[in-house]
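Chain and residue survey
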Amino acid sequence: DTAVSQTPKYLVTQMGNDKSIKCEQNLGHDTMYWYKQDSKKFLKIMFSYNNKELIINETVPNRFSPKSPDKAHLNLHINSLELGDSAVYFCASSLEETQYFGPGTRLLVL
Amino acid sequence: GDSVTQMEGPVTLSEEAFLTINCTYTATGYPSLFWYVQYPGEGLQLLLKATKADDKGSNKGFEATYRKETTSFHLEKGSVQVSDSAVYFCALIGRGGSEKLVFGKGTKLTVNP
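Quick caveat, the model's predicted, so the values are computed rather than measured. (Residues numbered from 1 in each chain as written. Chains lettered and ligands numbered in written order. Predicted model: local features only at pLDDT ≥ 70, side-chain atom pairs only at ≥ 80, totals over all residues. Heavy atoms only, no water.)

The next subject is the pairing of strand β5 (residues 32-38) of chain B. Side-chain direction in a regular strand flips from residue to residue, so the side chains alternate between the two faces of the sheet. Residues and elements named next belong to chain B. Among the seven residues of β5, seven are classified as buried, and the element is accordingly described as predominantly covered. Of the two faces of β5, the one holding S32, F34, Y36 and Q38 and the one holding L33, W35 and V37 are both buried throughout. Bridge count between β5 and strand β10 (residues 86-93): seven bridges; the pairing is antiparallel. Its bridge partner being in β10, W35 is matched across the sheet by C90. Two strands pair when backbone bridges link them, and β5 and strand β6 (residues 44-50) are joined in this way by six bridges, in the antiparallel orientation. Across the sheet, residue Q38 finds its bridge partner in β6, namely L44. (Buried < 20%, exposed > 50% of the residue type's maximum accessible area, 1.4 Å probe, protein only. Helix = DSSP H or I, 4+ residues; strand = E, 2+ residues; numbered from the N terminus. Pairing = 2+ DSSP bridges.)

Here we come to the sheet that holds strand β3 (residues 19-21) of chain B. Sheet strands associate in pairs through backbone hydrogen bonding, adopting either a parallel or an antiparallel arrangement. Residues and elements named next belong to chain B. The four strands are arranged β3-β9-β8-β7 in an open sheet whose pairing can be described as antiparallel. The sheet is open, and its two borders are formed by β3 and β7 (56-59), each paired with just one other strand. If you compare each strand with its neighbour and ignore which way they point, the axes differ by 15 degrees on average. Two elements, β3 and strand β9 (residues 75-77), share three bridges in a ladder whose sense is antiparallel. Within β9, the position partnered with T20 by the bridge is E76. (Axes fitted to C-alpha atoms, helices over the stretch in contact; angles between N-to-C directions.)

Another aspect to go through is the sheet that holds strand β3 (residues 19-25) of chain A. Residues and elements named next belong to chain A. Taken in spatial order, the four strands make up an open sheet running β1-β3-β8-β7, and their pairing is antiparallel. Edge positions in the sheet fall to β1 (4-7) and β7 (64-70), since each has one partner strand and no second. In this sheet, neighbouring strand axes are inclined to one another by 20 degrees on average, regardless of whether the strands run parallel or antiparallel. For β1 and β3, the ladder comprises four bridges, and the chain directions are antiparallel. For V4, the partnering residue across the bridge sits in β3 and is Q25.

On to the state of the cysteines. Every disulfide links exactly two cysteines, by a covalent bond between their sulfur atoms. All names here are of chain A. On inspection of all chains with the given rule, the structure shows two disulfides over all chains. Two residues, C23 and C91, share a disulfide whose sulfurs are 1.8 Å apart. Across the S-S bond of C23 and C91 the torsion is about -75 degrees, and the bridge reads as left-handed. Pair noted here: C23 is in strand β3 and C91 is in strand β9 (residues 87-95), with a separation of 68 residues, a long-range link. The residues C23 and C91 share a single accessibility class, namely buried. (Disulfide = S-S within 2.5 Å.)

Per the stated rule, a full pass over the model turns up eight salt bridges over all chains. With its nearest N and O atoms 3.4 Å apart, the salt bridge here joins B:K52 to B:D55. Overlapping salt bridges, with partners in common, bring together A:K44, A:E58 and B:K100 in one network. (Salt bridge = Lys/Arg side-chain N within 4 Å of Asp/Glu carboxyl O.)

Ranked by internal contacts, the top residues of the largest apolar core, which has 27 residues, are B:W35, B:L47, B:L48, B:F73, B:L75 and B:Y88. In terms of residue count, the dominant contributor to this core is β10(B) (four residues). Excluding its chain neighbours within four sequence positions, the residues that come into contact with B:F73 are B:C23, B:L33, B:F34, B:W35, B:L48, B:K49, B:A50, B:A64, B:T65, B:Y66 and B:C90. A:F64, A:Y89, A:C91 and A:L107 belong to the second-largest nonpolar core, a separate cluster that totals 20 residues. (Core = buried A, V, L, I, M, F, W, Y, C linked by side-chain atoms within 4.5 Å. Contact = heavy atoms within 4.5 Å.)

Taken together, the 19 residues of chain A in the interface contact 22 residues of chain B. For the pairing of chain A and chain B, the buried interface totals around 1,600 Å² over both sides, and the portion due to carbon and sulfur atoms is 54%. Area buried by chain A at its contact with chain B is led by A:L43, A:E97 and A:F101, which between them contribute 35% of it. Inspection of the chain A/chain B interface yields one salt bridge. For B:K100, the salt bridge is made with A:E58, and the minimal N-O distance between the two is 3.3 Å. The tally of links between chain A and chain B comes to six residue pairs in polar contact (both at pLDDT 80 or more). Within the residue set of the side of chain A that touches chain B, elements represented by two or more residues are β4 (31-37), β5 (43-50) and β10 (98-101) of chain A. When the residues that make up the side of chain A that touches chain B are grouped by side-chain class, the tally is nine nonpolar, four polar and six charged. (Buried area = accessible area lost by both parts, 1.4 Å probe. Polar contact = N/O pair within 3.5 Å; in protein donor to acceptor, adjacent residues only side chain to side chain. Nonpolar A, V, L, I, M, F, W, Y, C, P; charged D, E, K, R; others polar.)

Listed below in structure tokens is the structure:
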């Protein structure tokens, strides 16, 4: 069974478009995260939600808006996509301090 | 703020060689320390962790010891295999309660047969 799943796996789109990435976890964890991994593999946290409440919001452009309809889901919506948004986006969930990552969504903005 | 510094790669070894990937950290108090591994095309997986000074984390032949005096958490394996080829990330969670993982920049390891 997949623990943390993300859709889509690949996303190719034009500059200026709006897109969403979905994340679901079936581990029963209360806390979920979004990370961005750039082309040099550097990972940086973007957002964290605990039981549907935003608890971490790093310096991320407000074109990025996370939404948590329930504690098993944390979706990421991106408005007005820019070339620099091209990256791999990882969702994760945690039990205490250990985080479990999804397989990633590879976003390419043309 | 909290930060992690790990040796930058890439690291290329022959099968059965000894591996060390250095990691040092800066944090307030005593953070929990982690090594995550990312195999090609996949997400990150927890490899091992240590939550207090002198703890040793171990998994799949990899080990790392939490050294408070040197603020280090170096990753070691006595005999690497081709299947260990991946990117390795050192990370910490501080004691501020935010559960925010702070990652090092990652070290790419390639093991040749």
